[in-house]
Amino acid sequence: MSGNGMSTPPAKRRRRCSFPNSLPCDDETPEKTAKVRCCTPTVLSSQSFLCGKKNESDAETEQADVDAEDSAVPWSQTDNSTPARDYKFSLPGSTLGFVPRSYQQRHQRTVCDRVHGQVILEPLLVAVVDTPEFQRLRKLKQLGGTDHVFPGGTHSRFEHSLGVAHLAGLMVESLQRKQPELAISNSDVLCVKLAGLVHDLGHGPFSHMFETFVNRIRLASGKSKWHHEACSRSLLMLLLSENQILLEDYFPCDSAESPAQQLEFVMMLIEGLAPGAPWPDNIGRPPAKRFLFDIVANKRNGVDVDKLDYFHRDIASVFGSASPLGCDIPRLLESARVLSVEGETQVCFEEKMALNLGDIYRTRSWMHKFVYLHHTAKAVETMMCDVLVLSKDVVEVRGMENKPVKLADAVEDPVAFSKLGDWILDFVWASCDPRLAEAQQLLARIYRRELYRQVVPCCNLPSRRDLSDLCIDSKRDFVLRCSVERSNGSVAAVDELLKVSARSLKELQGAVHKALVNRSLENDWPGLGTYQLMIFDQLDENWRLPTSFQDVPSRAKLLLRLVKNGAGVVSEVSTFSTSAHATASMTEKGITEQLLAIASRQCQGVTLAKEDFYVQLVAIEFGKDAKTKQSCDPIQSTCFFNPKIDLNRAVFISQERRSLLFTPQAFSETVVYIHSKSQDHKVCAALRQVACAWRREVHGILDDRSLAAPTNNFSPCSDDDDDDIDLSQ
């Protein structure tokens, strides 16, 4: 050690190489090492850096910096040099006054993930991760308020993003290795990984709850609805510009795509591309690479690495299961193959993985039913949303040009949005501002678990799907009455009754056709022209046919509608579960108005206000058709192949080949939650009576099958309510 307290350079020391990911040389001597040092972006241009070339001015500048460093930089007692300092000169357009560390070339990094084990991040991904905008995801819980029901569900969007990037890399690299004819370049691989990494940048505090809060404010003020995907694009642009991350420094020198095309491709991978959608001409890639859009955000059938990661991660965190899914994810990804189907390339899977994919969809609907949309978790998130509404004019964050921005307006300011996190509720709780007193009282109710209470068991609305294949419990006789609407709008009744036997609505439809085949309604009403025949399930013997479509009682189930022309040819056949006006009223706003109307008639001595309760409709879908947007079995829109028959022939698995044991009868449901906000027992008891009366009135259009196997042990919201009400009526 020298007299000034600094350690002397070791006899043999390791150099820092000019190129990322290269290994240090062990045969270096101090004399050789003095000739080399790590280059900064101002010393070596990005193009020459990537290609491994130096010009003469670069070499002279480097040698001068080496001489200055040898005299100024002390060495520690270990074999490594002291950490590199930030260089005090500016880049063009930089407001930081020095070269940020994120601008310097990064090295590959290995991260230990709780789900996937060792995850390798490329230098570009490391540069993106080490930014304030991405580190914000550490402060966002993946499951919002679900941890109030499942304490283990506290994992963050940060680790989920790393997992999606890892699975995206596994899938695209597997396709690149197995199918070289696809011409998947290293730039394609890096773009897919980057899209998986940053796909959730646009999420706000407590994930989807913040989206509900923002739209509640925006719709009330006449603004358009906001989606978190819109913020992912603006935040990625902010991340790259603020941290001086140049994409050309990380993509191969011989890449045919420009940095602008690479960036646009990444953003479109996040948003996804629907089947049949026009191919974008600003991403520098041919339509033959459409299959790359099926990896991160699959708009075709929903099988993407985003869902695979959060299903696995959420179940492992919430339930502590080591292998929560019904399939091995790496095995599923390895079974993927790209084939051309209907003129578009898409990702297909081996036929033997069909049941495993079905397990994934069942896991999705099961997690929505029992975890994501748990009635207590939804009540907590509703209370959190109310806290933010009460705080919206008080809490502000720093936005562009250091201007204060209110919470709901932060979605229009990417700088302000990048400051948001779950810390908002902690700030409200710790604030001394008297304007937050009401919000703090509501927060105290959450902490004391004095939550909004469910007043009646949940019930299901009819599924929005084609009911032609709906199975009835057993084959039985239907006694039907008919009503005919003329083309001029008048309605005539058919006096006679039709009696048919059927096991399903599809079979009922055929039976009605058979019963009417020998009947000519045109002879009964000359000049009838086009008409529709409406067939309703009989309510009782004294029920009369409606004189207009709007007069159909809400309890009457419209089973069938036939539209025929004057020649008796069927031009339209539609199947319904309820009358149109009854279905239209089954919205949160419509049900709220119905409850208030019943309360005004029945409640004596207790005033029930809109602020005392809320109605929530929660939709759960097994899968959705990409073209019709209707709930369906997603296996029917997934392509498979059999490598033992034809490796390049894509096939669909028909309904006849599906196992009835593993195929659900329904593919969606909408659950109605009615909760009381008030802690007044009289108000709770009154709301419960009103809710039960509403259920009796609309019993004909509600699907009460969920009550046979409830997901929770229902308890009345008021202990003082001793009325014995039969909820089954």
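Refer to the structure printed above.
Read on for an overview of the structure. Quick caveat: nothing in here was measured; it's all calculated off a predicted structure. (Residues numbered from 1 in each chain as written. Predicted model: local features only at pLDDT ≥ 70, side-chain atom pairs only at ≥ 80, totals over all residues. Heavy atoms only, no water.)

What to know about the nonpolar core
Counting 130 residues, the largest nonpolar core has Leu-197 and Phe-213 as its most contacted members. Element by element, the count of residues in this core is highest for helix 6 (residues 157-178), at nine residues. Other than its neighbours up to four places away in sequence, Leu-197 contacts Leu-125, Val-128, Val-129, Phe-134, Ser-161, Leu-162 and Ala-165. Grouped together as the second largest cluster of nonpolar side chains are 24 residues, Val-456, Ile-598, Leu-608 and Leu-687 included. (Core = buried A, V, L, I, M, F, W, Y, C linked by side-chain atoms within 4.5 Å. Buried < 20%, exposed > 50% of the residue type's maximum accessible area, 1.4 Å probe, protein only. Helix = DSSP H or I, 4+ residues; strand = E, 2+ residues; numbered from the N terminus. Contact = heavy atoms within 4.5 Å.)

Details of the environment of Glu-342
For Glu-342, the position within the fold is in the loop between strand 3 (336-341) and strand 4 (344-350). For Glu-342, a relative accessible area of 68% puts it in the exposed group. For Glu-342 and Ala-650, which are 308 residues apart along the polypeptide, the C-alpha to C-alpha distance reads 10.0 Å.

Thoughts on helix 17 (residues 423-430)
Among all positions in helix 17, only Ile-424, Leu-425 and Val-428 are buried. On an axial view of helix 17, the arc spanned by its buried residues comes to 95 degrees, and they lie on one face. More than 90 degrees from the buried face of helix 17, the exposed residues found are Asp-426 and Ala-430. As for helix 17, its buried residues are in contact with helix 15 (375-391) and helix 18 (437-447). (Arc of directions from axis to C-beta.)

Digging into the packing of aromatic side chains
The tally for this structure, following the rule as stated, stands at 16 aromatic pairs. Where Phe-210 meets Trp-226, the ring centres are 6.5 Å apart and the plane angle is 90 degrees; that geometry is what we call edge-to-face. Pair noted here: Phe-210 is in helix 8 (residues 208-220) and Trp-226 is in the loop between helix 8 and helix 9 (228-242), with a separation of 16 residues, a long-range link. Residue Phe-210 shares its accessibility class with Trp-226, and that shared class is buried. Ring geometry for Tyr-361 against Phe-622: centres 5.9 Å apart, planes inclined by 40 degrees, an arrangement best described as tilted. Linking Tyr-361 in helix 14 (residues 354-372) with Phe-622 in the loop between strand 14 (613-621) and strand 15 (639-642), this pair joins segments that are 261 residues apart in sequence. Here Tyr-361 and Phe-622 have matching classes, each one buried. Of the aromatic side chains, those joined through ring pairs into one cluster are Phe-150, Phe-319, Trp-366 and Phe-370. Its end group placed over the ring of Phe-158, Arg-138 keeps NZ or CZ at 3.9 Å from the ring centre. (Phe/Tyr/Trp six-rings, centres within 6.5 Å; stacked < 30°, edge-to-face > 60°. Lys NZ or Arg CZ within 6 Å of the ring centre and 35° of its normal.)

Examining the sheet that holds strand 16 (residues 646-652)
In space, the four strands of this open sheet follow the order 3-4-15-16, with mixed pairing throughout. Unpaired on one side and paired on the other, strand 3 and strand 16 mark the two borders of the sheet. Neighbour-to-neighbour, the strand axes of the sheet open up by a mean angle of 45 degrees, direction not taken into account. As judged from the two bridges shared by strand 4 and strand 15, these two strands associate in the parallel manner. Across the sheet, Phe-349 pairs through a bridge with Phe-640, a residue of strand 15. (Pairing = 2+ DSSP bridges. Axes fitted to C-alpha atoms, helices over the stretch in contact; angles between N-to-C directions.)

Side note on the side chain of Asp-386
Along the chain, Asp-386 falls in helix 15. At 2.7 Å, the side chain of Asp-386 and the side chain of Arg-216 are in polar contact. Apart from the residues lying within four places of it in its own chain, the contact partners of Asp-386 are Arg-216, Leu-442, Tyr-452 and Lys-677. (Polar contact = N/O pair within 3.5 Å; in protein donor to acceptor, adjacent residues only side chain to side chain.)

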